[in-house]
Amino acid sequence: MNLIDDFRDPARAKALLTAIDVVTGEIGATAENPVHIMEICGGHTHAIFRYGLDKLTPPGVEFIHGPGCPVCVLPMSRVDECIEIAERPEVIFTTFGDAMRVPGTRGSLMQAKAAGADIRMVYSPLDALELARRNPDREIVFFGLGFETTTPSTALSIQAAAREGLGNFSVFCNHITVPPPIRALLDDPDMVLDGFVGPGHVSMVIGTHPYDFIAEDYGKPIVVAGFEPLDLLQSVLMVLRQIRDGRACVENQYARVVPEFGNPVSLAAIADVYEPRPSFEWRGLGEIDASGLRIRDAYRMYDAESKFGVGYGKGAPRVVPEPEGCACGAVMTGRMKPTACPQFGRGCTPEMPLGALMVSSEGACAAYYQYGGARALEAAE
Amino acid sequence: MCLGIPGQIVRITDRDRQMAIADVSGVRREVSVACVAGNDIDALIGAWALIHVGFAMALIDEAEAAATLEALRDLGEAQETLAAMAEGAAALEEVRP
Ligand code: SF4
C-alpha cells in the first residue's frame, strides 16, 4: 500500500512532497547531512507518525521530536506529589485522563486509585468545579497540567471559584509554557536545529509573537502549523524555503485559527491568576528558567500547594533520577531515536510504560511503537 | 487534552457565567464560551468553535470544523475526547471508593 493513499487529497500531498523534494535538493541536504526540523507539539509528532510523513519526506529532512507533550515532560516527583495530595481522606483528586498512567517513584495515579485514593478522571476543570459544588464537605483538587492550551481553562475556573466563593476547590498547578524550553534547546551546544514547526493550538492562545526570539535572536525559522497532514507538509515546505533563502522569520500557516496576538480573554485570565516560577523541572530536560507557572498570592486559597503544603520545592528532593535503563532524556532532546532505547518494546510499552514518552500517543516513543507495525510492513514491501 | 475538538454552540445556558451547550459529534455538554463570546453571546448560537477541555477557544467555519474532526478521528483523538467527556460526566456521580 502506498502511504499517500491515506491523505484525503493525495494530489495536493504529492504536489507538496515534490516541492519539498526540490527545495531540499536546492539546500543540498542529504541523508548524511540533513536539515533538522523540530516539531514542537506532541500532536504534530503523532500526526507525523500516523501519516508516515518522516518516510514520505526526503532523507535530507530529519524530524526532531520536541518537548511539546505535557505528560511526557512531567517529572516523577510531580506525580508523587499528586498522590500525596490524593491520599488525604478529605480530597477528591481530579485529573485529565492523560496523566493517570505517568509513572512516579511510587507508581502512577492509576495505581494510587486502585489502592483506594479518590482519584477521578475528568474532561474539564469545569467538572471539578461541579464536583466542588456538589460535595461541600470534600476538598476538590484539580491537577492543572499542560501548556498554554489548557492554562486558560484552569485560570478561568479559579476565577469562577473565586466569584462563587467555592472554598473547597483548588488547583495543583503544574502548567508549563512553550517558549522557555525552546530557548533552552537553542542554547544547548549539542543540539543541531535548523528550524521549527510551531504548535497550532498553543499559538491560538498566545499568538505568534512569543516566538519572535527564535528568528531574531537565534536566526532560525519557525512556522506555526495546523495538525492536518497537509498543514504539516505545507509548514515543512515553508520552513525549508526560509532555510534555502537564508531567511529567518515567524510565519503562520494556521492563520485560519491562530490570531497574531492570540486570544485576549485567555491571556488576561492567565495573567490575572498565574505568575512564572523562577524555574521548573522538566523530565529529560532538567530545570528551565521561568518555564512553569504558579498561582498568584491573590488566589492563594485556590492553590493546592499552599492549602496542603505539598508541591514544587517543598519536601522531597526536587529532581528524582529516571528509572534504570530509561533513555527518555536522550530521546526527548532528539539525541536518540526511541528504538535505540534498550527498554523500547521490552521493559517499556504503552500498556506498561516505564518512561513518560510511552504514556501518551503524543509521546515520541508511543508514536513510534503504535505505528511501528505498519512501518515495518511497509519496509518489507 | 492538547488538541481541541470542534463543536457547534446550540444554546446559551448561563449569560453571567458565559456558559453554553455545545454539540460535539452528537454529544452535548456544557462548555464555557468566555474566550469567544465578545459583546454578543447570542451571536454564538449555531457557530462552530474549537473546544479545549470544556472551553471554546476559537471560532472556526463549518468546513474547517469538518476537516479538523476528520483529522482528529484519524489520530484517534476524537474518540479519546468523547470518552473523556463521558468519564467527566461519570466522575460527577461516582461515589467514594
Ligand atoms: S522506550 Fe520507554 S524508557 Fe525508553 S526512552 Fe522511550 S519512554 Fe523512555
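Quick caveat, the model's predicted, so the values are computed rather than measured.

Chemist: Looking at this model, I keep getting lost on the sheet that holds strand 1 (residues 35-41) of chain A. Mind explaining?
Modeler: The pairing of strands in a sheet comes from backbone hydrogen bonds and takes either a parallel or an antiparallel form. Residues and elements named next belong to chain A. Read from one edge of the open sheet, five strands run 2-1-7-8-9, paired in parallel fashion. At either margin of the open sheet sits one strand with a lone partner, and together these are strand 2 (61-68) and strand 9 (250-252). Within this sheet the neighbouring strands show an average axis-to-axis angle of 20°, counted without direction. Bridge count between strand 8 (residues 222-224) and strand 9: three bridges; the pairing is parallel. What sits directly across from Val223, in strand 9, is Glu251. On the sheet, helix 2 (residues 42-50) packs against strand 1, strand 2 and strand 7 (195-198) and is oriented at approximately 120° with respect to strand 1.

Chemist: Would you explain the confidence of the model for chain B in this entry?
Modeler: Predicted coordinates in regions of low pLDDT should not be interpreted in detail. On average, chain B scores 90 in pLDDT, and the residues at 70 or more come to 98%. Confidence metrics for the complex model read pTM 0.92 and ipTM 0.92.

Chemist: Hey, could you run me through the packing of aromatic side chains in this one?
Modeler: Where two aromatic rings form a pair, the distance of their centres and the angle of their planes describe that pair. Residues and elements named next belong to chain A. For the coordinates displayed, the defined rule picks out seven aromatic pairs over all chains. Ring centres of Phe93 and Phe143 lie 6.1 Å apart, and the angle between their planes is 40°; on these two criteria the pair is classed as tilted. Of this pair, Phe93 sits in strand 3 (residues 91-96) while Phe143 sits in strand 5 (residues 139-146), placing them 50 residues apart in sequence. The buried category is assigned to Phe93, whose relative accessible area is 0%. When the ring of Phe213 is compared with that of Tyr218, the centres are 6.2 Å apart and the planes differ by 80°; the resulting orientation is edge-to-face. A network of ring pairs unites the aromatic residues Phe93, Phe143 and Phe172 as a single cluster. Just above the ring of Tyr51 sits the side chain of Arg50; from NZ or CZ to the centre is 4.8 Å.

Chemist: Where do I start with the site of the ligand in this structure?
Modeler: Near the ligand, the surroundings consist of Cys326, Ala327, Cys328, Val331, Cys341, Phe344, Cys348, Gly355, Leu357, Met358 and Cys365 of chain A. Taken together, the residues that form the shell around the ligand break down as ten nonpolar, one polar and no charged.

Conventions used here
- Residues numbered from 1 in each chain as written.
- Chains lettered and ligands numbered in written order.
- Predicted model: local features only at pLDDT ≥ 70, side-chain atom pairs only at ≥ 80, totals over all residues.
- Heavy atoms only, no water.
- Pairing = 2+ DSSP bridges.
- Helix = DSSP H or I, 4+ residues; strand = E, 2+ residues; numbered from the N terminus.
- Axes fitted to C-alpha atoms, helices over the stretch in contact; angles between N-to-C directions.
- Contact = heavy atoms within 4.5 Å.
- pLDDT = per-residue confidence, 0-100.
- Phe/Tyr/Trp six-rings, centres within 6.5 Å; stacked < 30°, edge-to-face > 60°.
- Buried < 20%, exposed > 50% of the residue type's maximum accessible area, 1.4 Å probe, protein only.
- Lys NZ or Arg CZ within 6 Å of the ring centre and 35° of its normal.
- Near = heavy atom within 4 Å.
- Nonpolar A, V, L, I, M, F, W, Y, C, P; charged D, E, K, R; others polar.

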